[in-house]
Structures are given as structure tokens and as C-alpha cells.
Amino acid sequence: MKKILLLVLAAALLFGTSQIQGSLNRDRNRLGLTRVEPLENAPPVLAFTTVALGGFRGLISNMLWIRANDLQEQDKFFEMVQLADWITKLEPHFATVWTHQAWNMAYNISVKFKQTAPGEYPDRWRWVKRGFELIRDEALRYNPNDPSLHQQIAWIFQHKMGANLDDANVYYKREWMLEMNEVLGTSLDSGLDELINPETDDQQRRAKLLREEYDMDPAFMKSLDERYGPLEWRLPESHAIYWAAQGLQRAKENPTKVKQDDLMQLRRAIYQSMLLAFQRGRLMTNRFAGGLDFGPNLDIIPNVNRSYEEHMAEDPANRDNIENGHRSFLRQAVYTLYVNNRMQAAAGWFKYLREQYPNKPVIDGQPNSLPANLTLEEYALSNLQIDINETSRDRVKAALEGFIGNSFLALIEGNHDRAAGLQLLAQQVWANYRKKIPQDRWAAIGLPTIAETRQTVLAEFMDENTGLTPEARAILSTELNLPAPAVQGTNSVPGR
């Protein structure tokens, strides 16, 4: 009798379930929880697992996730990564699984590894690299149109490698630059054309390396360079722009189930990376110290501005936030152009700043400093006073290069007093910055010495192809008692 009752109960439950199955299926489809398309390009074991386990995959992956967290807390990272690999294989279409594992490796695990020698972080770099490789090489294979995956890889390039919050950020940039040197070769001007239509064996080898190992399309890179550049493709922020733009392109081609928040994140990755490219997107060889150095890329200011304008138009809901960043960028651009002796451009952008934000102050802490109330010179002077006590590496670095560059121009003009004054001012700003930066952060956000910066700027000025005129170079050589200009082109590849 008891068995009969149980059978009746089971039948009743099955009937009840069948009545709500349709509603459940509709909700699963609406929330993106149902995957009916086959898993393409997957190994046989993975394809079998995803089909055979069915709905139990979620339960098993939850158990593995709990175990993986325990292993990470015990600093057993390699065992944890093995479990993480199984979790992603069980849920290959669940983007959050991939983004969490990538972020965990690039951020949480990488910082557990200390430097092996002063400025050397090979173990930490391997974990950061593995983070974006997980998405690029595996997650995007199964989810090629997912905007959140493109946003995550762009974020690792922009924030983990491009920003200077991690003590090892310079090491990351150097390692990435060396890898890109191998792909792009020594001719940056024609490098992308060579990779789009490779002719020689070396060009074909590098084009294959770019497409197959880095999963990048040189034609798409060139289109971004024409739209946003000139970009320095050996620096992380250019790759952040690439992956964010790829995500937007994929979302445009496959608009179903695209979330507006994901699009907003992708747009933000582009204009924030463009700002980085302006602030320190010029790769330089510090020949005096033999190391890697960065400077502002003043040539892309119009494109950075256009990037902000485009994204304000595309994202009206967040226009106020983007406007704040846009106004901050314009203020930086005006001042950086001014201290680098590009007066006409500085005046033009100051006029543009006035027109765009006539009711916003341009000096922090001074609400009455509306752009119409200040001349360009007054605005620049106020920023100069701020720089003396500034702790922003990019801002101080750009100012120091400007002071030293202008001192060389003053020497060429025969104005020795102004030249000496600018050199003294640069030394004062550097000393104040050095005083404010803690010793343990100097490796991450420290500055080259004044002598090193002077040598770097001098090399750019004396470059036969991109520097001063021959007459100006000759005068500067005489003023500095140089027997012969020892120059190296800025287009040469550091590390080669």
C-alpha cells in the first residue's frame, strides 16, 4: 500500500512539473541560462562531459569551486588552477566563470609572488599573462561574441599592466614590449602593412605569430591606428583599445542578449586607455640608464578628444560622468602642450575648453577660476605651482620633459638665463616629488633622474629624422659642448 501511495505521489509531482516546464524554459531562455547550440571546437572529452553530465555540471562545478577556494587560501595555487581548469570545462559558456578565474590569477595570485631581484618579477608576470591568455585563448573560443570577456581582457591590459598601481608594472610593460618587438619588427611605420600583406619569409613568420599566438588581426589594428592613433602597439593600453573595440564590433554584429552595461564598460575601456596613451603613450629609450621610459604622446590629443565625444554621444545615460573625464583630459592637454612649447596648439585647446565648459572652474579648489576669467599663461602658471607639490607620476614626468625641452630651446635662442631657470625648476619639481614618494613605491612610480631625463630629451631633439633642424642641432651641440651629436631615432626599438 505504501509503495502505491509513493507511486501516486511521484506521478502527481511529475504532472505538476510538466505544467510549469514551459514557464521555466521561457525564463531560462530569457536569462541566457539555456544553451542549445553545440559546443564548437571543443576537445572530445569536453564535448562528452558537457553533454553527458547535463544539469549536474552546475552542482559538480560548485563543489569544485568551494574546494578551489580552500586551496587558494592554503597558497596551493597550482592545485587550485587545475580545479579552476575543470570548472571552466564544465561550464564553458558561463562567462563569469572565465572572467573570475582570469581576474583571480592576474590579481589575487600574482601578487603573492615577490621580486626575484631588484625590479625583476618573472613569477608574477607569468600569472598576469596567464590571466589574459585564459580568456583570449580559451574563453573566447567558446564565447566569441561575449562583450564581458572582451572587457575583462581589456581591463587586465589597461589596469593591471598599463596603470602603475602594481609594483611590477614596469616589468610587465618591458616583457610585453619585448614580445611585441618580436612580432612588429623594427619598422613601426610600415609594420602593420607588412603584416597585412606579408611578402618575405620574416614578414610571413611574424604575421602568423600575430594571428595564431596573439589572436590579433593586423587589418583591424591598422583601422584602430587610423581612427585613434598613432598608437604605440608595444604598450598595454593599445591592446586594451584593441580588445574593447573587438568587443564592440562583436556586439554590433550579434546584438541579441547584449547588455548595455557591458557596452558601457567597453566604451569606457577605450576612452580611458586613450587617456593613458596621451599621458604616457610614447615609448622612449633612456640611453643614459639603459632602461624603459615613457612620455606623453601629444600627437594623439585630437583623437583622444574625439573618442570622448563619440562615447558621450553613444552613452547619454552616463554623459555627466564622461564629461568629467573629458574636462580633466582637456585641462591636462592644454598644460602639457604649453610646457612642451606647443603654444599655438595649447591656445587652440584652451579656447575649446572655454567653449565646451564655460561654467566649470579649471583650477582645483578655486571655484571662481572659470576659463573666461584666465589667460592661457595664468592657467599654465597655476598648474606649474601645483606641479611643484604634485604626486602624479605622469603629470610630473610630462612637466619635467617640458621644462628640460624648453631649456634646450632657450639655449638655441641664446637665452641662457631662461635655460638655467628652467633646468633649476625641473630639479626643484623632481626633488619635491622624490620627497613625497615612499621608498617602497619608488620602483613602481619613481622617476628617472634629471640627468637621465635630460639625456632622453636630448636624444629626441638630436634625432636626424624626427628632431630639430640641422642648424638648431648644430647650435645646441655647441652650447652643450658636444663633440658630435650622439643620436638615436625615437622610432628605433628599445631592447634591440
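Scroll up to find the structure this text is about.
Residues numbered from 1 in each chain as written. Predicted model: local features only at pLDDT ≥ 70, side-chain atom pairs only at ≥ 80, totals over all residues. Heavy atoms only, no water.

Draft legend 1. Quick look at unusual backbone geometry. Phi at Asp-215 is positive, roughly 55°, even though this residue is not glycine. One can find Asp-215 in the loop between α10 (201–213) and α11 (218–228). Its relative accessible area of 38% is what places Asp-215 among the partly exposed residues. One non-glycine residue, Asn-481, lies in positive phi territory at about 55°. (Helix = DSSP H or I, 4+ residues; strand = E, 2+ residues; numbered from the N terminus. Buried < 20%, exposed > 50% of the residue type's maximum accessible area, 1.4 Å probe, protein only.)

Draft legend 2. Fine view of the environment of Leu-409. Mapping Leu-409 onto the fold places it in helix α18 (residues 393–412). For the pair Leu-409 and Asn-341, spaced 68 residues apart in the sequence, the C-alpha separation amounts to 9.0 Å.

Draft legend 3. Local environment of the packing of aromatic side chains. Per the counting criterion, the structure on display carries 20 aromatic pairs. On the basis of an interplanar angle of 25° and a centroid distance of 5.4 Å, the ring pair of Phe-350 and Tyr-379 is categorised as stacked. Within this pair, whereas Phe-350 is found in helix α16 (residues 343–356), its partner Tyr-379 is found in helix α17 (residues 376–387), the two being separated by 29 residues in sequence. For Tyr-379, a relative accessible area of 0% translates into the label buried. (Phe/Tyr/Trp six-rings, centres within 6.5 Å; stacked < 30°, edge-to-face > 60°.)

Draft legend 4. Just the nonpolar core, in detail. Core analysis: the biggest nonpolar cluster contains 124 residues, and Trp-233, Phe-278, Phe-329, Phe-403, Phe-408 and Leu-476 have the highest contact counts within it. In terms of residues, this core owes the most to one element, helix α6 (residues 122–142), which gives nine residues. For Phe-403, the residues in contact, after removing those within four places along its chain, are Tyr-335, Val-339, Leu-384, Leu-422, Leu-425, Ala-426 and Val-429. (Core = buried A, V, L, I, M, F, W, Y, C linked by side-chain atoms within 4.5 Å. Contact = heavy atoms within 4.5 Å.)

Draft legend 5. Looking closely at the side chain of Arg-473. Structurally, Arg-473 is set in helix α22 (residues 470–479). This buried residue, Arg-473, is left without a salt bridge; Glu-464 holds the nearest opposite charge, at 5.1 Å. Among all residues touching Arg-473, those that are not within four sequence positions of it are Phe-461, Met-462, Asp-463, Glu-464 and Leu-468. (Lys, Arg positive; Asp, Glu negative; His and termini not counted. Salt bridge = Lys/Arg side-chain N within 4 Å of Asp/Glu carboxyl O.)

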